Amino acid sequence: MTDNPSNEKKPDPCAFVIFGATGDLAHRLVIPSLYNLAANGLLPDNFCVVGVARNGMPNDELRESLLKGLRQFATRKVDEAIAKRLLECLTCIEADPSDPASFDRMRAQIDKLEAARKTGGNRLFYLATPPNAFAPIARELGRTGLLVEENGAWRRLVVEKPFGTDLASARALNAELLKIAEEHQIYRIDHYLGKETVQNILVLRFANGMFEPIWNRNHIDHIQITVDEKIGVGRRGSFYDATGALRDMVPNHLFQLLSLVAMEPPSRFDAFAVRSEKADVLAAIQTQSEQEALENSVRGQYLGNRIGDTEIEDYRKTENVSPDSATETYAALKLTIDNWRWAGVPFYLRTGKALGVKRTEVAIKFKEAPFTMFSCTAVDRLSQNYLVVGVEPTEGITLQFNTKVPGPAVTIDGVEMKFRYKDYFKAEPSTGYETLIYDCMIGDNILFQRADSVEAGWQAVQPFLDAWKKAGAKGLETYQAGSEGPAGAEELLKRDGRSWRKLGPND
Ligand code: BG6
């Protein structure tokens, strides 16, 4: 659509079909990402967007509404000419999975559009709908043959999170999708894999020779994975109250971080090898008994507070949240991985809403020096040796170590070596989704979740879900909005003689 300033190849001609085109995700992320790809010259010349809406809508109305969304959510200044060209190739089609005839009509309309736009029959179906629509839409796509790969054309299905709500439902959804498409056609999105810093974990580990020799139980004491958010539940009460922090964040986003940090080196940088290693390490997470799950977890719910200018109300007072809800807005877990690399190394995971800071990081804590020969000197404090992969607020990598403070006495203090993305690279701000959408179009599924990984993730959290469900409100702690979370989270580590990494003044 415009010149391609990078060396990335343009995807094949294709039709991009968005289910849920009138919804929030399409407005907030999908169209802004397509816009960024268009602005970078990374959309094919023969291209069309089909916006599927259950109740239909005139093309102009949908274009106008998506343009408004684009202006609001764009990550860069919108060039009206590029936006216009993008939205001109959009057609709105009415289809509702409860009305099979509408899918037959849609098939005929897509055939026509493909011929007019010369897209060669390549199609990408993006399910930007509520999750209860995934299986019904997939069934109709299967029945109408829209996903059958034939005459050299590819057909792909992109599925958003949440992928199931527990192990059984994830298995059922996988089984449903695999009836109508092959695994290589299914792209299960986790937006964390669109983040540069998350992708960089692989490069950090496997493009540098110096980390791998120490990346194991001999040198690593434990690993902390933190995804703290400042925002409360806001207007997502009804979704969130049925979901909770554990389901919303752990088997997907936190496990993406965990699997990249903990996986074995893949033999090749290709989707099969990388995804197999990720699935293997998730499957090696020790399954806990109900008692162990209770001992190795903490859950909390936030109480209202004023943070700066923002008033956050009690979680239980949120619209569409039950007044006696036992849903957790904070979860912390201690997990172990049963393999030679990680035996005996705890992985502590925590995530929550309405906390004091927004922070996403993986902190690798190395073992202390085996013998402290400085014990007789004036040691101010021995800092912990952490290697921190920062995703938010700082995108970068920090190494913390001890150094001598200048002066006649041997005084030791902790210092940091910092790499920040923004100091080295001038990347255009992005939604994070464009990489993923681009990869779907070029058929690279390395950054997408395979069925076995999704199921291994649910398998690992299922004992916690079951134990918490059984315990109800018993054991659910509270914490003030704007705080660091429930007191029990600190206890969880203290019990093992450890503590969560505090944010430093430069973080
Ligand atoms: C989503 C969750 O998947 O991820 C949200 O449903 C959460 O509850 C969001 O706020 C966090 O994403 P990020 O990129 O802001 O860390």
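Residues numbered from 1 in each chain as written. Predicted model: local features only at pLDDT ≥ 70, side-chain atom pairs only at ≥ 80, totals over all residues. Heavy atoms only, no water.

**Section: the overall build of the protein chain**
Just so we agree on the cut-off: Strands here are runs of E lasting at least two residues and helices are runs of H or I lasting at least four, both read from the DSSP assignment and numbered beginning at the N terminus. C-alpha atoms define the radius of gyration, and 2.2 Å times the number of residues to the power 0.38 defines the globule rule. When checking whether two residues touch, look at their non-hydrogen atoms; a contact exists if any pair is within 4.5 Å. Charge assignment: positive for Lys and Arg, negative for Asp and Glu; neither His nor the chain ends contribute. To locate a charge, take atom NZ for lysine, CZ for arginine, CG for aspartate or CD for glutamate.
Assigned secondary structure in the protein chain consists of 15 helices and 17 strands. Taken against the 2.2 N^0.38 rule, which gives 23 Å for 507 residues, the C-alpha radius of gyration of the protein chain at 24 Å falls within 12% of a compact globule. Judged by the C-alpha coordinates and their principal axes, the protein chain covers about 80 × 50 × 50 Å. In the protein chain, 77% of the contacts between residues at least 6 apart in sequence involve partners at least 24 apart. Within the protein chain, the 69 negative side-chain charges are centred at a point lying 1 Å from the centre of the 62 positive side-chain charges.

**Notes on the site of the ligand**
Where we set the bar: Throughout, near means a residue has at least one heavy atom within 4 Å of the molecule or strand. We define a polar contact as two N or O atoms separated by no more than 3.5 Å, with the added condition that, inside protein, one atom must be a possible hydrogen donor and the other a possible acceptor, whereas residues neighbouring each other in sequence contribute only through side-chain atom pairs. Note on areas: Shrake-Rupley with a 1.4 Å probe; residue coverage comes only from the protein chains shown. Basically, the charged four are Asp, Glu, Lys and Arg, the nonpolar ten are Ala, Val, Leu, Ile, Met, Phe, Trp, Tyr, Cys and Pro, and anything else, Gly included, counts as polar.
Taken together, K161, H191, Y192, K195, E229, R236, D248, M249, H253, K353 and K358 are the residues near the ligand. A distance of 2.7 Å separates an oxygen atom of the ligand from a polar atom in the side chain of R236. Here an oxygen atom of the ligand sits 2.6 Å away from a polar atom, N or O, in the side chain of D248. Contact with the protein chains removes 82% of the 390 Å² of surface that the ligand exposes when unbound. Tallied by class, residues from the shell around the ligand come to two nonpolar, two polar and seven charged.

**Section: the sheet that holds strand β7 (residues 220-228)**
Note the threshold: Strands qualify as paired when DSSP identifies two bridges or more between them. Here the axes come from fitting lines to C-alpha atoms, over the contacting stretch only for helices, and the angles between their N-to-C directions go from 0 to 180 degrees.
The mixed open sheet is built from nine strands, whose spatial order is β16-β15-β14-β13-β7-β12-β11-β8-β17. Every interior strand has two partners, whereas the edge strands, β16 (411-420) and β17 (476-480), have only one. Each strand of the sheet is rotated relative to its neighbour by a mean of 20 degrees, with strand direction disregarded. Two elements, β7 and strand β13 (residues 359-366), share eight bridges in a ladder whose sense is antiparallel. Looking across to β13, one finds that I223 is bridged to I364. On top of the sheet, helix α15 (residues 487-494) reaches β7, β8 (297-303), β11 (330-335), β12 (347-352) and β17; it is set at about 10 degrees to β11, its chief contact.

**Focus: the pattern of salt bridges**
We apply this condition: What counts as a salt bridge is simple: a side-chain nitrogen of Lys or Arg found within 4 Å of a carboxyl oxygen of Asp or Glu. Only protein chains enter the accessibility calculation, which uses a 1.4 Å probe; a residue whose area is less than 20% of its type maximum is buried, one above 50% is exposed, and one in between is partly exposed.
The tally for this structure, following the rule as stated, stands at 35 salt bridges. Residues R306 and E311 are paired through a salt bridge, measuring 2.7 Å at the closest nitrogen-oxygen approach. Accessibility expressed as a relative area gives 55% for E311, which makes it exposed. What you see here is one network of salt bridges that share partners, running through R107, D111, E114 and R123.

**Notes on helix α1 (residues 24-39)**
The cut-off we apply is this: Here the expected length of a helix is defined as 1.5 Å per residue gap, with one fewer gap than residues.
For α1, spanning 16 residues, the distance from its first C-alpha to its last is 22 Å, which sits close to the expected 22 Å at 1.5 Å a residue. Counting buried positions along α1 gives 13 out of 16 residues, so the element sits mostly inside the fold.

**A few points about a nonpolar patch on the surface**
Worth spelling out the cut-off: To count toward a patch, a residue needs a relative accessible area over 30% and no salt bridge; like charges are then connected within 9 Å, while nonpolar side chains (Val, Leu, Ile, Met, Phe, Trp, Tyr) are connected within 5 Å.
A cluster of nonpolar side chains, F371, M373 and F374, forms an exposed patch at the surface whose accessible area comes to about 360 Å². One can find F371 in the loop between β13 and β14 (386-392). Judged by relative accessible area, which is 64%, F371 ranks as exposed.

**Looking at the nonpolar core**
Generally speaking, nonpolar side chains in soluble globular proteins are found buried as a group. Threshold: Grouping buried Ala, Val, Leu, Ile, Met, Phe, Trp, Tyr and Cys residues that are joined through side-chain atoms within 4.5 Å yields what is termed a nonpolar core.
Ranked by internal contacts, the top residues of the largest apolar core, which has 148 residues, are L34 and Y126. Tallying contributions element by element places helix α9 (residues 244-262) first for this core, with 11 residues. Once residues within four sequence positions are removed from consideration, L34 is found in contact with F16, L43, F47, V49, L86, I437 and M441.

**Digging into the pairing of β13**
Where burial is concerned, most of β13 is hidden: eight out of the eight residues are buried. Burial of β13 is two-sided: the residues R359, E361, A363 and K365 facing one way and the residues T360, V362, I364 and F366 facing the other way are all buried. Bridge count for β13 against β14 is six bridges, and the pairing is antiparallel. Considered in β14, the bridge of V362 is made with V389.

**As for the packing of α9 against helix α10 (residues 271-283)**
Worth spelling out the cut-off: Orientation is classified from the angle alone, with under 35 degrees giving roughly parallel, over 145 giving roughly antiparallel, 65 to 115 giving roughly perpendicular, and any other angle giving oblique.
Relative orientation of the contacting elements α9 and α10 amounts to 105 degrees, with a least axis distance of 9 Å. Here α9 is positioned roughly perpendicular relative to α10, judged by the angle of their axes. Across the interface between the two elements, F255, Q256, L258, S259, L260 and A262 of α9 pack against K278, V281 and L282 of α10.

**Describing the packing of aromatic side chains**
Which entries qualify depends on this criterion: We call Phe, Tyr and Trp rings a pair once their centres come within 6.5 Å, taking the six-membered ring for Trp, and we label the pair stacked below 30 degrees between planes, edge-to-face above 60, and tilted otherwise. In this analysis the charged atom, NZ for Lys or CZ for Arg, is taken to sit over a ring once it is within 6 Å of the ring centre and within 35 degrees of the ring normal.
This model, assessed by the stated rule, comprises 17 aromatic pairs. When the ring of F16 is compared with that of F47, the centres are 6.4 Å apart and the planes differ by 55 degrees; the resulting orientation is tilted. With a gap of 31 residues between them, F16 in strand β1 (residues 14-19) and F47 in strand β2 (residues 47-53) connect regions that are remote in the sequence. This pair shows no difference in class: F16 is buried, exactly as F47 is. Aromatic side chains F211 and W215 sit 6.3 Å apart centroid to centroid with 75 degrees between the ring planes, which places their arrangement in the edge-to-face category. We classify W215 as buried; its relative accessible area is 1%. One cation-aromatic arrangement involves K195 over Y192; the distance from NZ or CZ to the ring centre is 4.6 Å.

**Re the pairing of β1**
For clarity, the cut-off: With its strands directed away from the observer, a crossover is right-handed exactly when the path from the first strand over the helix to the second travels clockwise.
A large share of β1 lies buried, amounting to six of its six residues. The alternating pattern of β1 places C14, F16 and I18 and A15, V17 and F19 on opposite faces, both of which are buried. Note that β1 and β2 share six bridges and pair parallel. Bridge pairing links F19 to V52 in β2. Note that the unit made of β1, α1 and β2 has a crossover that is right-handed.

**Thoughts on the environment of R76**
Here R76 is to be found in the loop between α2 (59-73) and α3 (80-88). When its relative accessible area of 16% is taken as the criterion, R76 is described as buried. Measuring from C-alpha to C-alpha, the distance between R76 and Y187 comes to 27 Å, with 111 residues separating the pair along the chain. A distance of 3.2 Å separates a polar atom in the side chain of R76 from a polar atom in the side chain of N40.

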